Amino acid sequence: MLTRRIFLRGSAIAMAGAGSVPFWLGRAAAAAGGRRKTLVAIFQRGAADGLNVVVPFSEKRYYELRPTLGIPAPGSNNGPQPAIDLDGKFALNPVLQPFKALWDKQMLAIVEATGSPDPSRSHFDAQDYMESGTPGMKRDGWLNRALPLVAGGSPLRAVAMSANLPRTLQGDCPAIAINDVKQFQTSQDNAAIIEHMYAASPDKQLASAGKDAFSAMRMIQSLSRTQYNPAGGAQYGQAGELGRALQQVAQLIKADAGVEAAFAEIGGWDHHQNEPVAMNNVLRQFGAAISAFCRDMGDGMEDIVLVTMSEFGRTAAENGNNGTDHGHGDLMFVLGGPVRGGKVYGKWPGLDHEQLYEGRDLAVTTDFRQVLSELVSGHLGTRDMSQVFPGFQPAAPLGLLKTEASL
Amino acid sequence: MLRFLLAAGAVVAAHGASPGDETAKQFEAKLDSDQRILQALDRLTFGARPGDMDEIRKIGVEKWIDQQLHPERIAENPVLDAKLKPLESTRMDSAAILKQYYQQNRAGIIRVGVNLNTLLPGDQSRKVFNGTIEERRATIMALDPETRIKVLATIPPNLVECIPELQKEAVEARKKEMETRQAELRKQRPQLRDLLDGQQALIVRMGTPAERAALFASLDPEKLKQVAAALPPDALAGRADLRRMAAASRNPQQLPIADLREAKLYRAIYSNRQLEEVLTDFWFNHFNVFEGKGADRIVLTSYERDAIRPHVLGKFQDLLLAVAHHPAMLYYLDNWESMATGSFEVGPFAPQPPGVMGFVGGRGGPFARLPHGLNENYGRELMELHTMGVNGGYTQQDVIAVARCFTGWTIKTPAEKPEFVFAPFMHDNDEKTVLGHKIAAGGGEHDGLEVIDILAHHPSTARFISAKLARYFVADDPPPELVERLARTFTKTDGDLRAVLTALFTSREFFSQGAWQSKVRTPLQMVAASVRALDADVTDSFMLVQKVSEMGEPLYGKEAPTGYKDNAATWLSTASVMARMEFASAVVNGKTPGVNVDWSRFEHKDPTAIASVLLHRSLPKEGLDAIQAGLNGGEDTPARIAAVILSSPEFQRR
């Protein structure tokens, strides 16, 4: 198995063959004093039903509240597939089978009953607040603020695999949205002329901006041209749009493009009706994409942390249409080499009527910013959380990341 | 002694110029006469059009600048009036906008149709919601079947959790209710598959603009309206009429902002009063308000039209006051709900109780608010961003004092006719000290007016505003001496913006090499300049609005009160460079419906000629060489060359 360092050298040479090596490739590698860390944020848009993603099967109330939707406890063998036991209290939705291996390898952690103090049940407002990292206020993105401003960093430092730059990555740090590599395919000949004009321009400021832009463009274009072979037999093909997005993130990271923050999203979680069928579909893609990414990155996962989130959860009880309505508390997955996995974090509030938020939803016992701030400071190394999550008072750390060992 | 000083001077001189001196020299180096004309066009307009240079050569650049400084003397372009005509919301006041786009269209909102208050009068409602399980069951069972179904479908599911016989019925009832609702939805908002056959649907989704146009022409008006309503706005680019029709039936609340954005592009491209439009853009950004903050969307049209534009060449204090009074700013920076600590609201402004659903969703309608104390937001931004600047010399105490002065400056009848009102019972009537000025107790509304007066006349304001204007019109890093001179003019003329601009536009720094082509075009400026340079005919500016947004400057869409930054670095990200290339390519390849270029003008012209037409100056030799080398005998249509030039680094400068 190629060690990461050898692979990097190889990739640089491969790029030299295809055209000029991005001049910041060296810069990017040199800038990371040790090894570059990457934080990948995945947003499940539509309010994912956490209670059916990770099933609190030891709670009798769960089955009382969800007579139709409840997923059978591990071990039951009448009817639909049972959940996959994790720790005797929580179990995975069977469709998330690929996560079991990650759990066993202690690369997967779950934080239960996470969410925002803001009571909004509007998808758009709640998403905006979560992406801003400031419940109640919409502004630029927490992940952009998490990256310290440096001069001359890689133009691909912050990438979003979506059509428009999501709020999460908006801000002062340059970030780029890559939905479809085709959008970077300007007529080849024109691009060459324009690039030459930028390079030759006596205007130094624009020449420099152009240089960065074109090498970033070429890097992105090469993603589609070269036949990418995921390592370890990883299968992105079954994993829909999210699979495609994460594959491109993997490619960029492996090509040492300097990615420190990446964002991907997956919609289709708003299950007001017919939840079992709809949920299975989207959850399968979700699990397949993330596990393919982990498999593909292999040893590279040592430097990567993935975190998932959704704007809020769903009602504890099912509604009359085989679905659930907008709720409050939800859960977050945290994956990666540096993660202290194989554990469910957070204080489980229970599902009794008095324990539910407004008598209907899972309560929030861990602010989503608690999770994110631990990852930003512990993994990316950013110190000043007051800039990243202004107004947030951190509670006692959850301990999601392993203590830093020597490199 | 003199010899010594002279010698010392010589030593200093001999060491050679420092980098600062180099830059300073640039601002002293003059431009030639054609450069002066182009400089004036680049800075006072949204880009030179064919023929503009000649026109100015005839009357002289000083005279032309003077004309632009007096827009009331310039006859407006009838083409502009024609383009703006369909955008009717731009002419409405806030009350009319509310009525037309927010209340009028209740029909568009699917009514749930179940009013529990009529189905479960008085005590019955109490028994169902707050009674024991037995009371609940008895009450519901006692209802007639029709009512029972409606009630069971609407009450929260957990109420019948423990009543098995009702629970089953409730599940059925909810299912039926959902189905009825969806059927009604389908009827009111038919999907494409309900309206068109497979072939037609394919054309609408994937056909060429011509094919789509033909299909639209073949449908009867009623059908066309429904089809339009079922399509996303992008699919109707180039068909402003259909798009407005669709929006009116589907989401009318989006129209006022959509109109504002499209109007802004039309004005930038077609207005004869170019400087006035440039200044409106500048001052709106200075006094930024974000369209996405709730109800600001309703009042933004009036804000730009009534508070900003009329004052851009008047007195700064008048502009400041108009902004301070306007509901848009009062709401955006929260001053409307700022009140003296310990006071409470009574009378017509009492906040609605939480949980009352207004027609715009949320508690109590578009301006719903809860009792608050003092809100410092406006007090701070008024000094930090609007007048003195962050280093202007105010303290936290001043911020609090200013906020106290403005308590009571709020919005009246927000849900029908949002306008300024001074509410005495919200006002902090105690004595305050602002920047060393004592403001006597009992001043009421006058407190705020006095603060405006103090700030408008503060030396830091003169400097801050002058620096901002110099940065916008001269260079990212304007010479301090110029800023000082402008500040002196500001103070001497009591904040007369026309006088300050006159001083700016006649300064040697404005017409210097240091200023020449030194600014990077913002997305709006780049798009408008491209269209003007191409002399394109724009029948629908929707796509242009999209492109400006894609390049990173969504119009009216900057959330922070700081507005968009005004320097090269802001607009030179990788994404921005690529988006500009993409735009240039789209425009010349007919991929921006609604924007039509007459290429016959460019026929038989070589790259040098086309560059000269579009840039109004010559490309540097390196650029021309790059084009020639790249073309190298290959396809060299005017369109292709134009795309390259509009994407060039030179075109990004002005």
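Fair warning: this is a prediction, and the values are worked out from it, not measured in the lab.

Digging into the overall build of chain A
- In terms of helices and strands, chain A carries 13 helices and 12 strands.
- Burial statistics for chain A: of 407 residues in total, 58% are counted as buried.
- Counting only carbon and sulfur atoms, one obtains 52% of the accessible surface of chain A, whose full area is about 16200 Å².

As for the overall build of chain B
- Helices and strands together make up the secondary structure of chain B, namely 34 helices and six strands.
- Of the contacts made within chain B by residues no fewer than 6 positions apart, 71% connect residues no fewer than 24 positions apart.
- Entry remark: accessible area of chain B is about 28700 Å², with carbon and sulfur atoms responsible for 54%.
- Mean positive and mean negative side-chain charge positions of chain B (79 and 84 charges, respectively) differ by 2 Å.

Some points on the packing of helix 18 (residues 255-270) of chain B against helix 19 (residues 274-286) of chain B
All names here are of chain B.
- Direction vectors running N to C along helix 18 and helix 19 enclose 140 degrees, while the axes themselves pass 8 Å from each other. The angle between helix 18 and helix 19 places the two elements in the oblique class. Taken as a pair, helix 18 and helix 19 cross one another with a handedness that is left-handed. Taking contact as the criterion, the partners of K264, R267, A268 and I269 in helix 18 are, on helix 19, Q274, E277 and D281.
- Counted by class, the contact of helix 18 with helix 19 contains two nonpolar, one polar and four charged residues.

Digging into the interface of chain A and chain B
- Residue-level contacts link 40 residues of chain A with 35 residues of chain B.
- At the boundary of chain A with chain B, total buried surface from both sides reaches about 3000 Å², with 65% on carbon and sulfur atoms.
- Applying the counting criterion to the chain A and chain B interface returns two salt bridges.
- R653 of chain B serves as the salt-bridge partner of D203 of chain A, at 2.5 Å between the closest nitrogen and oxygen.
- Our enumeration of links across chain A and chain B arrives at four residue pairs in polar contact (both at pLDDT 80 or more).
- Residues of the side of chain A that touches chain B, tallied by class, amount to 19 nonpolar, 11 polar and 10 charged.

Concerning the sheet that holds strand 3 (residues 84-85) of chain A
All names here are of chain A.
- The strand order across the open sheet built from three strands is 2-4-3, with neighbouring strands paired in antiparallel fashion. Looking along the sheet, the strands with just one partner apiece sit at the ends: strand 2 (54-55) and strand 3.
- As paired elements, strand 2 and strand 4 (residues 91-92) share two bridges and run antiparallel to each other. Of the residues in strand 4, the one forming a bridge with V54 is L92.

Digging into the nonpolar core
- Membership of the largest hydrophobic core comes to 243 residues, with the highest contact counts inside it found for F286, F293 and F333 of chain A together with W283 and Y303 of chain B.
- Among the elements that line this core, the one with the most residues is helix 11 (residues 275-297) of chain A, at 11 residues.
- Beyond its immediate stretch of four places on either side in the chain, F286 of chain A contacts I42, Q44, L96, F99, L242, I266, W269, T308 and F333 of chain A.
- In this structure, A41, A261, F368 and F392 of chain A belong to the second largest nonpolar core, which totals 36 residues.

Side note on unusual backbone geometry
- Notably, A47 of chain A is not glycine yet its phi reads approximately 75 degrees, a positive angle.
- Here A47 of chain A shows up in the loop between strand 1 (38-44) and helix 3 (50-53).
- By relative accessible area, which is 0% here, A47 of chain A ends up buried.
- At H616 of chain B, a residue that is not glycine, the phi angle is positive and equals roughly 60 degrees.
- Along the chain, H616 of chain B turns up in the loop between helix 32 (607-615) and helix 33 (621-631).
- Judged by relative accessible area, which is 17%, H616 of chain B ranks as buried.

Focus on the pattern of salt bridges
Residues and elements named next belong to chain B.
- Under the counting rule described, the total for this entry stands at 66 salt bridges over all chains.
- For E419, the salt bridge is made with K417, and the minimal N-O distance between the two is 3.6 Å.
- The class for E419 is partly exposed, based on a relative accessible area of 29%.
- Between E550 and K547 there is a salt bridge, with its nearest N and O atoms 3.7 Å apart. Separated by three residues within a single helix, E550 and K547 lie in helix 30 (residues 542-550), roughly one turn from each other.
- Residue E550 is classed as partly exposed on the basis of its relative accessible area of 46%.
- Taking relative accessible area as the criterion, K547 reaches 8% and is therefore assigned buried.
- Taken together, the shared-partner salt bridges connect E28, E481, R485, R508 and E509 into one network.

Examining the packing of helix 20 (residues 296-308) of chain B against helix 21 (residues 316-325) of chain B
Residue and element names in this part refer to chain B.
- Contact geometry for helix 20 and helix 21: axes closest at 9 Å, N-to-C directions at 150 degrees. With respect to their mutual orientation, helix 20 and helix 21 come out roughly antiparallel. When the axes of helix 20 and helix 21 are compared, the crossing they make is right-handed. Contact residues: Y303, A307 and I308 in helix 20; L319, A322 and V323 in helix 21.

With respect to the pairing of strand 1 (residues 409-412) of chain B
Residues and elements named next belong to chain B.
- Here strand 1 runs beside strand 2 (residues 419-422); their pairing, made up of four bridges, is antiparallel. Paired with W409 across the bridge in strand 2 is F422.
- Remark: six residues form the turn of the hairpin made by strand 1 and strand 2, two consecutive strands paired antiparallel; T413 in that turn has positive phi of roughly 40 degrees.

Digging into the environment of T539 of chain B
All names here are of chain B.
- One can find T539 in the loop between strand 5 (537-538) and helix 30.
- Residue classification places T539 among the partly exposed residues on the basis of a relative accessible area of 42%.
- Along the backbone, T539 and A240 are 299 residues apart, and their C-alpha atoms lie at a distance of 8.1 Å.
- Setting aside residues up to four positions removed in sequence, T539 forms contacts with K83, Y266, G594 and N596.

Quick word on the side chain of H326 of chain B
- Within the secondary structure, H326 of chain B is located in the loop between helix 21 and helix 22 (327-332).
- For H326 of chain B, the contacting residues outside a window of four places in its chain are V299, S302, Y303 and A307 of chain B.

Some thoughts on the environment of L149 of chain A
All names here are of chain A.
- For L149, the location among the structural elements is in the loop between helix 7 (142-145) and strand 6 (158-160).
- Put simply, L149 and P174 are 25 residues apart on the chain and 9.1 Å apart in space, counted from C-alpha to C-alpha.
- Setting aside residues no more than four positions away along its own chain, L149 makes contact with D172 and C173.

Concerning helix 3 (residues 33-44) of chain B
Residues and elements named next belong to chain B.
- Between its terminal C-alpha atoms helix 3 stretches 17 Å, which fits the 16 Å expected from 12 residues at 1.5 Å a residue.
- The buried count for helix 3 comes to nine of 12 residues, which makes it a mostly enclosed element.
- Within helix 3 the residues assigned to the buried category are Q35, I37, L38, Q39, A40, L41, D42, R43 and L44.
- Buried residues along helix 3 sit in contact with helix 4 (52-59), helix 5 (61-68), helix 19, helix 26 (459-473), helix 28 (497-505) and helix 32.
- The residue sitting at the N-terminus of helix 3 and contributing the capping side-chain oxygen is D32; that oxygen lies 3.0 Å from the backbone nitrogen of D34.

Points about the pairing of strand 9 (residues 304-310) of chain A
All names here are of chain A.
- For strand 9, a buried count of seven out of seven residues is recorded, marking the element as mostly surrounded by other parts of the structure.
- Of the two faces of strand 9, the one carrying I304, L306, T308 and S310 and the one carrying V305, V307 and M309 are both buried.
- Pairing of strand 1 with strand 9 involves seven bridges; the strand directions are parallel. Note that in strand 9 the partner of I42 across the bridge is T308.
- Pairing geometry for strand 9 and strand 10 (residues 330-336), over three bridges, is antiparallel.

Focus on the confidence of the model for chain B
Residues and elements named next belong to chain B.
- Chain-level pLDDT for chain B is 87 on average; 90% of the residues reach the 70-or-more range.
- Throughout residues 4-15 the model reports pLDDT below 50, and contacts reaching past four residues in sequence, or to other chains, amount to zero contacts.
- Note on residues 352-367: pLDDT is under 50 here. Beyond four places in sequence and across chains, it has 31 contacts.
- Predicted as a complex, the structure gets a pTM of 0.76 and an ipTM equal to 0.79.

Remarks on helix 31 (residues 574-588) of chain B
Residues and elements named next belong to chain B.
- With 15 residues, helix 31 ought to run about 21 Å at 1.5 Å a step, and its terminal C-alpha atoms sit 22 Å apart, in line with that.
- Counting buried positions along helix 31 yields 12 of 15 residues, so the element is predominantly enclosed.
- Every buried residue of helix 31 is listed here: T574, S576, V577, M578, A579, R580, M581, F583, A584, A586, V587 and V588.

Criteria and thresholds
Residues numbered from 1 in each chain as written. Chains lettered and ligands numbered in written order. Predicted model: local features only at pLDDT ≥ 70, side-chain atom pairs only at ≥ 80, totals over all residues. Heavy atoms only, no water. Helix = DSSP H or I, 4+ residues; strand = E, 2+ residues; numbered from the N terminus. Buried < 20%, exposed > 50% of the residue type's maximum accessible area, 1.4 Å probe, protein only. Areas by Shrake-Rupley, 256 points an atom, 1.4 Å probe, with all protein chains shown as cover. Contact = heavy atoms within 4.5 Å. Lys, Arg positive; Asp, Glu negative; His and termini not counted. Charge placed at Lys NZ, Arg CZ, Asp CG, Glu CD. Axes fitted to C-alpha atoms, helices over the stretch in contact; angles between N-to-C directions. Parallel < 35°, antiparallel > 145°, perpendicular 65-115°, else oblique. Left-handed = near helix turned anticlockwise from the far one by under 90°. Nonpolar A, V, L, I, M, F, W, Y, C, P; charged D, E, K, R; others polar. Buried area = accessible area lost by both parts, 1.4 Å probe. Salt bridge = Lys/Arg side-chain N within 4 Å of Asp/Glu carboxyl O. Polar contact = N/O pair within 3.5 Å; in protein donor to acceptor, adjacent residues only side chain to side chain. Pairing = 2+ DSSP bridges. Core = buried A, V, L, I, M, F, W, Y, C linked by side-chain atoms within 4.5 Å. Expected span 1.5 Å × (residues − 1). pLDDT = per-residue confidence, 0-100.

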